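Here is what each chain is made of, one letter per residue.
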Amino acid sequence: MNNIKNIIGEKYDQIFFNSGKDYSSELEENGILIFKNFINDKGLDEIEKESIKLKSKSFKSSSTYNVYILPYDLKFPKNSSRNRVMSTTKKCIPNDLISKNSNLNELYNSTIIKNLFCDILNVNKLYPYNDSLSSININYYNRGDGLGWHFDNSDFTITLLIKNCLKGGDYEYFNKIRYKNGKEDFKTIEKILDEKIKGQKIQSAKGDLMIFKGKESLHRVTKVIKGERILITFNYNIRKGIPLSEESRKTFFGRIN
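Residues numbered from 1 in each chain as written. Predicted model: local features only at pLDDT ≥ 70, side-chain atom pairs only at ≥ 80, totals over all residues. Heavy atoms only, no water.

Chemist: Just to check I follow, could you spell out a positive patch on the surface for this structure?
Modeler: Where like charges cluster on the molecular surface, the positive patch consists of Lys180, Lys187, Lys191 and Lys196. Structurally, lysine 180 is set in strand β9 (residues 179–180). (Patch = residues over 30% accessible without salt bridge, like charges linked within 9 Å, V, L, I, M, F, W, Y side chains within 5 Å. Areas by Shrake-Rupley, 256 points an atom, 1.4 Å probe, with all protein chains shown as cover. Salt bridge = Lys/Arg side-chain N within 4 Å of Asp/Glu carboxyl O. Lys, Arg positive; Asp, Glu negative; His and termini not counted. Charge placed at Lys NZ, Arg CZ, Asp CG, Glu CD. Helix = DSSP H or I, 4+ residues; strand = E, 2+ residues; numbered from the N terminus.)

Structural data, given as structure tokens:
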């Protein structure tokens, strides 16, 4: 606790960190948890300054995919929800460019924080990625950048908002919408992609920590219209020794090591 007490918000005390299991059912029911002002002003200011300083070294990535992150399937029409092309553009800093003394490393490696995440997620242990790039990432969304609709391959996502844009950049999602009667619900997903159904938008502020389960919950970040959005992703595995795929590292970082 001593290592992070100067970084986290004052309301997040030992009692809070011992109560992770109390939030587990809320995450399971809603698909999302947001801890407001998880980082205090001083810690946030230091992380933002570090992020701004590193931005010139970031890699500009652009990727296309369908919402299921699966190969094209000829059994479905090109414009079906199964095959329709989504896109993401952003800039990213990989783990190996972040200082070992950074607040981000203090947070990521903190035993008390990892234990909290384990309790919330109902897992025994969390491990860093077994490559030098993927465990902590700083993501920059400038004007025109966004994250297209998709389901995650990972069981959970943990993010920390460092800077919010002035317009756009909204986090929008549909909780547990992927399946109907045990089968992929392509028709409902198609209505969402056609903008016939609106999702729930999250109003986040800088300093907010979010835990999200996106395997069955469709989600996106709308394009930034004005300003800049800086988001940290804390990436863990529930198994030891797993690297991010070489293809993903090449896409997000422009290199594999």
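Continuing now.
Chemist: Looking at this model, I keep getting lost on the side chain of asparagine 235. Mind explaining?
Modeler: Assignment of secondary structure puts asparagine 235 in the loop between β15 (229–234) and α7 (246–253). Only 2.8 Å separates the side chain of asparagine 235 from the backbone oxygen of serine 134, close enough to count as a polar contact. A polar side-chain atom of asparagine 235 sits 3.3 Å from a polar atom in the side chain of asparagine 137. The contacts of asparagine 235, once residues within four sequence positions are left out, are Tyr108, Tyr129, Ser134, Ser135 and Asn137. (Polar contact = N/O pair within 3.5 Å; in protein donor to acceptor, adjacent residues only side chain to side chain. Contact = heavy atoms within 4.5 Å.)

Chemist: What should I look at first to understand the pairing of strand β13 (residues 218–221) in this one?
Modeler: Along a regular strand, successive side chains alternate from one face of the sheet to the other. Both faces of β13 are covered, namely the face carrying Leu218 and Arg220 and the face carrying His219 and Val221. Sheet topology places strand β5 (residues 146–150) next to β13; two bridges connect them, and they run antiparallel. Within β13, the residue paired with leucine 147 across the bridge is valine 221. The sheet contact formed by strand β8 (residues 171–174) and β13 spans four bridges and is antiparallel. From the neighbouring strand, tyrosine 171 faces β13, where its bridge partner is valine 221. (Buried < 20%, exposed > 50% of the residue type's maximum accessible area, 1.4 Å probe, protein only. Pairing = 2+ DSSP bridges.)

Chemist: What should I look at first to understand the nonpolar core in this one?
Modeler: Judged by nonpolar contacts, the single largest core of 40 residues is most densely connected at Phe17, Phe38 and Phe234. Residues Ile177, Ile189, Leu193 and Leu218 belong to the second largest nonpolar core, which totals twelve residues. (Core = buried A, V, L, I, M, F, W, Y, C linked by side-chain atoms within 4.5 Å.)

Chemist: Which parts of the structure should I look at to understand empty space enclosed by the protein?
Modeler: Think of a ball as big as a water molecule: rolled over the atoms, this probe shows where empty space is left. One pass over the structure, following the stated rule, counts two cavities of 30 Å³ or more. By volume, the largest cavity amounts to about 80 Å³. Lining the largest cavity are Thr159, Leu161, Tyr171, Ile202, Ser204, Asp208, Met210, Arg229 and Leu231. Elements with a contribution of two residues or more to the lining of the largest cavity: β6 (157–163) and β15. Of the residues belonging to the lining of the largest cavity, the class tally is five nonpolar, two polar and two charged. Space inside the second largest cavity adds up to approximately 50 Å³. In terms of lining, the second largest cavity is formed by Phe38, Ile39, Leu107, Tyr108, Ile113, Phe117, Leu160, Leu209, Phe234 and Tyr236. When contributions to the lining of the second largest cavity are tallied by element, the ones reaching two or more residues are α4 (103–109) and α5 (111–121). Its residues placed into classes, the lining of the second largest cavity shows ten nonpolar, no polar and no charged. (1 Å grid on protein atoms, 1.4 Å probe; cavity = no way out; pocket = protein on both sides within 12 Å on 5 of 7 lines; lining within 4 Å. Points joined across faces, edges and corners; volume = space filled by probe spheres on them. Nonpolar A, V, L, I, M, F, W, Y, C, P; charged D, E, K, R; others polar.)

Chemist: What's the story with unusual backbone geometry in this structure? I'm lost.
Modeler: It is generally the case that most residues other than glycine have a negative phi and that most peptide bonds are trans. Unlike most non-glycine residues, asparagine 37 shows phi in positive territory, near 50°. Relative to the assigned elements, asparagine 37 resides in the loop between β1 (32–35) and α3 (41–54).

Chemist: How should α5 be read in this particular structure?
Modeler: Along α5, the residues that are buried comprise Ile112, Ile113, Leu116, Phe117, Cys118, Ile120 and Leu121. Check the buried side of α5 and you find it contacts α1 (14–17), α2 (21–30), β1, α4, β6 and β12 (209–212). One or two steps after α5, the chain reaches asparagine 122, where phi turns positive at roughly 60°.

Chemist: Can you walk me through the layout of surface pockets in this structure?
Modeler: By volume, the largest pocket is sized at about 1400 Å³. As for the largest pocket, its lining consists of 47 residues, of which Asp152, Asn153, Ser154, Leu244 and Phe252 are closest to the centre. Broken down by secondary-structure element, the contributors of at least two residues to the lining of the largest pocket are β2 (59–65), β3 (86–93), β4 (136–141), β5, β6, β13, β15 and α7. Looking at the lining of the largest pocket residue by residue, the class counts come to 22 nonpolar, 19 polar and six charged. Approximately 240 Å³ is the volume found for the second largest pocket. In terms of lining residues, the second largest pocket is bounded by 15 residues, among which Ser87, Leu147, Gly148, Val221 and Lys223 are the most central. Counted by class, the lining of the second largest pocket contains five nonpolar, seven polar and three charged residues.

Chemist: Help me out: how do you make sense of the packing of aromatic side chains in this one?
Modeler: Between two aromatic rings, the relevant description is the distance of the centres plus the angle of the planes. Applying the stated criterion across every chain, the model contains 19 aromatic pairs. For the pair tyrosine 12 and phenylalanine 16, a centre-to-centre distance of 4.7 Å together with 70° between the ring planes defines the contact as edge-to-face. Relative to phenylalanine 38, the ring of phenylalanine 17 lies with its centre 6.4 Å away and its plane at 70°, an arrangement referred to as edge-to-face. Taken together, the positions of phenylalanine 17 in helix α1 and phenylalanine 38 in the loop between β1 and α3 put the pair 21 residues apart, joining distant regions of the chain. You can call phenylalanine 17 buried: its relative accessible area is 3%. By way of ring pairs, the aromatic residues Tyr12, Phe16, Phe17, Tyr23, Phe35 and Phe38 are connected into one cluster. (Phe/Tyr/Trp six-rings, centres within 6.5 Å; stacked < 30°, edge-to-face > 60°.)

It is worth stressing that arrangement in space is one thing and function is another; only the former is reported here.
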